[in-house]
Amino acid sequence: MSSAPWTFCPRCASALSSDGGMGARRRCTSATCDFVHYANPTPVVVAIVELPTGVVLARGRGWPEKVFAPISGFLEEGEDPREAVVREISEELGLAARVVSLVGVYPFAAQNQVLIAYHAVPIDGADGEIVKGDELEEVKLIPVARLKGWPFATGLAILDWLAQRNA
Ligand SMILES: [Zn+2]
């Protein structure tokens, strides 16, 4: 769910109104204030984590029963996306991992996000055992031969990753 647009200016508390531009951009209606709320998409890192037995897909807390996706998370302030994805893998799966490659960058307009997807594997010597973090309801391993993408959001990253493997 994308959040509701702001109603009032955070600088002067005058009303905001749509300026008719792209997306949810809103402008302060005060003649003496130039605030514009651009509502830029939020960057989110996505991890296609490959273990010897398959790729990790997870169901987040509160998600519908059948919905699984690669793990993902928000960048923290000042954080390198590659470090963020390694941190998310550690927090959500209890795995020490390293980035193999950037898979691609994808839109997720419904959530006002831009997805930065990496292929990652456990670091050398790690046992690859998953210890599920609090944000996840359920984790499963899909053998690569059975892995399928879908035509939006993180599914686009899986489609590209599978295509890159077969190239
Ligand atoms: Zn204002």
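The structure displayed is predicted, hence computed values, not measured ones. For every chain, the first residue of its written sequence is number 1, and the numbers climb from 1 along that sequence. The model is predicted, so local features are restricted to residues of pLDDT at least 70 and side-chain atom pairs to those at 80 or more, both for listing and for counting; the totals for chains, interfaces and linings are taken over all residues.

Proteins that are soluble and globular tend to have nonpolar side chains buried together. What makes a nonpolar core is a set of buried Ala, Val, Leu, Ile, Met, Phe, Trp, Tyr and Cys residues, with links drawn between C-beta atoms within 7 Å. With C-beta atoms placed from the backbone, a residue is buried if 20 or more other C-beta atoms are within 10 Å of its own, exposed if 12 or fewer are, and partly exposed between those counts. In terms of nonpolar packing, the biggest core is built from 30 residues, with Ala47, Ile48, Val49, Ile89, Ala117 and Ala157 touching the most fellow members. Helical segments are the DSSP runs of H or I of at least four residues, strand segments are the runs of E of at least two, and each set is numbered from the N terminus. Taken together, the elements giving at least two residues each to this core come down to β4 (42–51), β5 (54–60), α1 (81–93), β7 (97–108), β8 (113–122) and α2 (154–166). Take this core: its biggest share by element is 6 residues, from β4. Ignoring sequence-local partners within four residues, the contact set of Ala117 consists of Val46, Ile48, Val103, Gly104, Tyr106, Thr154 and Ala157. By the convention adopted here, residues make contact when the C-beta atoms placed from their backbones lie within 7 Å.

A few words now on the domain arrangement of the chain. Just so you know, the domain bounds were taken from an automatic or database domain assignment. On domain assignment, one finds that the chain holds domain 1 (1–39) and domain 2 (42–166). Using only C-alpha atoms to locate each centre, domain 1 and domain 2 end up separated by 34 Å.

Pairing in this open sheet of 3 strands is antiparallel, and the strands run β1-β2-β3 from one edge to the other. The two strands at the open ends of the sheet, each matched to only one other strand, are β1 (16–18) and β3 (36–37). When DSSP locates at least two bridges between a pair of strands, those strands are taken to pair.

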